[in-house]
Amino acid sequence: MANRIDQRPDPEELLRRVQAGERRERRGRLKVFLGYAPRVGKSFRMFDEGRRRKQRGQDVVIGSLQGKVTPDLEAIIANFEVIPPVRERHAGKVWDVINLAEIFRRHPSTCLIDGLAFDNPPGSRNPHRWQDVEELLERGIAVITAVNLQHIREKQDTVEQITGKRAMNSVPEEFLLEADEMEVVDAPTEALIGRAEDVSMPNPRQLAELREMALLLAADVVERQLQDYLDDHGVAVRWGAQERIVVCLTARSSARAMLESGHRNALRFHGALMAAYVEQSRLDVADQQRLDANLELARQLGAEVHCLRSDDFVEAILEFAREQRITQVFLGHTGRERRWWEARSSVDRLIDAAEDFDVRLFPHREG
């Protein structure tokens, strides 16, 4: 990793920022109402948001309705123009597909899309409804939509571990992270638990875990928005909304304590765990074996392993921390006091430069 004194972006990076900014200007804004469990009221909140925008003078239409409309929704929906879906039959099943052509022709300022995780029949313009939403956004039409946590593709394994159930359809998390706004429909768990007649409703412990997952996902959206803003304005920051821990490994460090502590903290705070080492030439066989063992343990604990190339250990770690928005650096030290004639150690230099992250020191044997 080369040292960078001049932190100004190169021309390619500047072009990327300009193009990204232009795309956001052209693109419609996406708002997502996220439910952490079934029947928390996400569709009601979505249509009610559309009603408020219509009252403010915006041109709002409904592009899709999901299933049976409840009486409390009927009164709200009656205020909107509904773009009827295209009804298609495939393999004996009836599908309601968003009428993209009509919405493009009508070109409202905002379109309400229920059932974001629905799939389209084989042979459709897009295989999935979220891809239909992408097209609406690219045409400059704002979209308000709703989805449940159980339908987010990357969360489905965890949701299944919690509830024992898995949804058939899914939406990729990357699509949701591009949202301009995400609002968790944070219905009190007590109100959901009271629905004793609903055998599909998760129990109190499960609801608490699902709610926490939804809130963390919404925090990721906020972090992405903030980072985009800072990138566009050339502001360099080195922190994130969640804990991002890097364990610094060497051939001589006693890495197990650092890695296990980092692993526990990452799990506790739902953060990211990374392991980084600065490449060294001419390691002897014993040192290389110790380094390989440390890296293997890091992988077993789920850490992302990064090899840094630099002649200066401290500068390499500092640059990595900036790029990855690290919040904690775990570092081994011998605990031996420095003699007055000796140069300042790497540990001292790193602590002095640690303005936006914490440094945790772990004693290890002196090599």
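Refer to the preceding data block for the structure.
This report concerns the structure included in the present document. Per chain, residue numbering runs from 1 following the sequence as it is written. Only residues with pLDDT of 70 or above have their local features reported here, since the model is predicted, and side-chain atom pairs are shown and tallied only from 80 upward, although totals for entire chains, interfaces and linings are computed over all residues. Only hydrogens and water are removed before side-chain values are computed, so all heavy atoms of the structure are retained for them.

Considering the sheet that holds strand β11 (residues 304-308)
Moving on, step 1. Strands pair, by our definition, only if DSSP identifies at least two bridges between them. Strands here are runs of E lasting at least two residues and helices are runs of H or I lasting at least four, both read from the DSSP assignment and numbered beginning at the N terminus. Strand order in the open sheet formed by 5 strands is β11-β10-β9-β12-β13, with parallel pairing between adjacent strands. At either end of the open sheet lies a strand with only one pairing partner, and these are β11 and β13 (358-363). On average, each strand axis in the sheet is inclined to that of its neighbour by 25 degrees, with strand direction left out of account.
Moving on, step 2. Pairing between strand β10 (residues 272-278) and β11: 5 bridges, direction parallel. Paired with M274 across the strands is E304, a residue of β11. Working convention: axes come from line fits to C-alpha atoms, limited for helices to the stretch in contact. Angles between N-to-C directions cover 0 to 180 degrees.

A few points about the nonpolar core
Moving on, step 1. In this description, a nonpolar core means a group of buried Ala, Val, Leu, Ile, Met, Phe, Trp, Tyr and Cys residues linked to one another through side-chain atoms lying within 4.5 Å. To sort residues, take the accessible area from a 1.4 Å probe on protein chains only and compare it with the maximum for the residue type: under 20% means buried, over 50% means exposed, and anything in between is partly exposed. If you look at the biggest cluster of nonpolar residues, it comprises 57 residues, and the most contacted ones within it are L136 and L176.
Moving on, step 2. In this structure, L136 is in contact with L100, I103, F104, C111, I113, I141 and V143, ignoring residues within four places of it in sequence. In this analysis, two residues are considered to be in contact whenever any of their non-hydrogen atoms come within 4.5 Å of each other.

Considerations on helix α11 (residues 285-300)
Since the α-helix packs 3.6 residues into each turn, any two residues three or four apart lie on the same face.
Moving on, step 1. Expected helix span is given by 1.5 Å per residue-to-residue step, counting one fewer step than there are residues. Taking 1.5 Å as the rise per residue, α11 with 16 residues should run 22 Å; its terminal C-alpha atoms sit 22 Å apart, in good agreement.
Moving on, step 2. Among all positions in α11, only D287, L291, N294, L295, L297 and A298 are buried. End-on view of α11: buried residues confined to an arc of 160 degrees, all on one side of the axis. In α11, the exposed positions that point more than 90 degrees away from the buried face belong to V285, Q289 and Q300.
Moving on, step 3. Where α11 is buried, its residues touch α10 (255-268), β10 and β11.
Moving on, step 4. Side-chain atoms alone can form a polar contact between residues adjacent in sequence; in general such a contact is a pair of N or O atoms within 3.5 Å, and within protein one must be able to donate a hydrogen while the other accepts it. With a side-chain oxygen lying 3.2 Å from the backbone nitrogen of A286, the N-terminal cap of α11 falls on D284.
Moving on, step 5. Looking one or two places after α11, you find G302, whose phi comes out positive at around 85 degrees. By arc we mean the arc of the directions from the helix axis to the C-beta atoms, nothing more.

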